[in-house]
Amino acid sequence: MATDIRVIGSFVQAMMICPRQVWLMSRQICPDEDNVFLELGRLIGSHAYGRERKEVHLGHLCLDLVRRGGREFVVGEVKKSSRAREAARMQLAFYLYELREMGIEAEGELLFPEERRRERVVLDAGLIQQVEELKRRIIAVIYRDKPPPPQKIPFCSKCAYAELCWA
Ligand code: SF4
């Protein structure tokens, strides 16, 4: 495993749900591509907010949507449901943190198009501390030789790795 591990947004989201997912993703072990929930997420991501949608790749960041909001940028993260709201919020906080490291100040907006909901995310001192702690934990998981053992959680039923963990 390379020594310069780069944490990316999907690791952050996965870490909030299941550390095993992070390890599997870091080894590029592909999830079940026929998983209907994966497909649904892709579809909602690609059709929602069509007019303002602008996926931006900035270094290791893949931002769903970026627009100008007054003097700052607003970064949007589109999710199919608020079921994993906290994970989505931390993923967005991570993007804001990484942008700040690049010298770009931005605010965040969590978007749940199916529920017609938007939620503002502001990177404050508390959130910065949480992001830094999460990044440390992610790197520790990725450095493990073996994945953390599977733990049955409610998310397993919709996880694309379910067959790998529970078959
Ligand atoms: S199926 Fe469950 S234990 Fe396995 S990676 Fe997914 S969430 Fe984690």
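Residues numbered from 1 in each chain as written. Predicted model: local features only at pLDDT ≥ 70, side-chain atom pairs only at ≥ 80, totals over all residues. Heavy atoms only, no water.

The name that an unreviewed UniProt entry assigns to the protein is CRISPR-associated exonuclease Cas4, with the source organism given as Desulfofundulus luciae. Note on the protein: under the UniProt heading Sequence similarities (unreviewed entry), the record states "Belongs to the CRISPR-associated exonuclease Cas4 family." (UniProt positions renumbered as here; feature names shortened; annotations may be inferred.)

### Comments concerning the site of the ligand
The environment of the ligand is made up of C18, Q21, P150, Q151, I153, C156, C159, Y161, A162, C165 and W166. Using a 2 Å cut-off from the grid points, one finds that the ligand occupies the largest cavity. Residue contributions to the shell around the ligand peak at 3 residues, all from helix α6 (residues 162-166). Here the residues of the shell around the ligand sort into 9 nonpolar, 2 polar and no charged. (Near = heavy atom within 4 Å. 1 Å grid on protein atoms, 1.4 Å probe; cavity = no way out; pocket = protein on both sides within 12 Å on 5 of 7 lines; lining within 4 Å. Sits in = over half its atoms within 2 Å of the grid points. Helix = DSSP H or I, 4+ residues; strand = E, 2+ residues; numbered from the N terminus. Nonpolar A, V, L, I, M, F, W, Y, C, P; charged D, E, K, R; others polar.)

### Details of the pairing of strand β6 (residues 117-121)
Summarising the sheet, strand β5 (residues 106-112) and β6 pair through 5 bridges and their orientation is antiparallel. By the bridge assignment for β6, E109 is matched with R120. Hairpin connection, β5 to β6: the antiparallel pair is bridged by 4 residues, and R116 has positive phi, about 50°. (Pairing = 2+ DSSP bridges.)

### A few points about empty space enclosed by the protein
Overall, the coordinates contain 1 cavity of 30 Å³ or more when judged by the stated rule. If you add up the space inside the largest cavity, you get close to 110 Å³. Mapped by element, the contributors of at least two residues to the lining of the largest cavity are α2 (19-26) and α6. (Points joined across faces, edges and corners; volume = space filled by probe spheres on them.)

### Topic: the environment of P154
Inspection of the secondary structure puts P154 in the loop between α5 (125-142) and α6. A sequence separation of 137 residues divides P154 from I17, and the C-alpha atoms of the two residues are 9.8 Å apart.

### Focus: the packing of helix α4 (residues 85-101) against α5
Where α4 contacts α5, the two axes come as close as 10 Å, and the packing angle between them is 95°. Judged by the angle between their axes, α4 and α5 are roughly perpendicular. Only L127, I128, Q130, V131, E132, L134 and K135 of α5 make contact with α4, whose side of the interface consists of R89, M90, A93, F94, Y97, E98 and R100. Across the contact of α4 with α5, the residue classes tally to 8 nonpolar, 1 polar and 5 charged. (Axes fitted to C-alpha atoms, helices over the stretch in contact; angles between N-to-C directions. Parallel < 35°, antiparallel > 145°, perpendicular 65-115°, else oblique. Contact = heavy atoms within 4.5 Å.)

### Some details on unusual backbone geometry
With a phi angle near 50°, R116 is a residue other than glycine that sits in the positive phi range. Counting through the fold element by element, R116 comes out in the loop between β5 and β6. R116 gets classed as exposed once you look at its relative accessible area, which sits at 79%. (Buried < 20%, exposed > 50% of the residue type's maximum accessible area, 1.4 Å probe, protein only.)

### Re the sheet that holds strand β4 (residues 72-78)
Ordered in space as β3-β4-β5-β6, the 4 strands form an open sheet in which the pairing is mixed. Looking at which strands have only one partner, the edges of the open sheet turn out to be β3 (65-69) and β6. Each adjacent strand pair in this sheet contributes to an overall mean axis angle of 25°, direction not counted. Summarising the sheet, β4 and β5 pair through 6 bridges and their orientation is parallel. Looking at β5, one finds that E77 is bridged to L110. Where α4 meets the sheet, its contacts fall on β4, β5 and β6, and the angle it forms with β5 comes to roughly 155°.

### Observations concerning the nonpolar core
Counting 37 residues, the largest nonpolar core has V12, V22, L63, V75, F94, L123 and I138 as its most contacted members. Per-element accounting of this core gives the leading share, 9 residues, to α4. If near-sequence neighbours (up to four positions away) are discounted, V22 is found in contact with F11, A14, M15, I138, V141 and I142. (Core = buried A, V, L, I, M, F, W, Y, C linked by side-chain atoms within 4.5 Å.)

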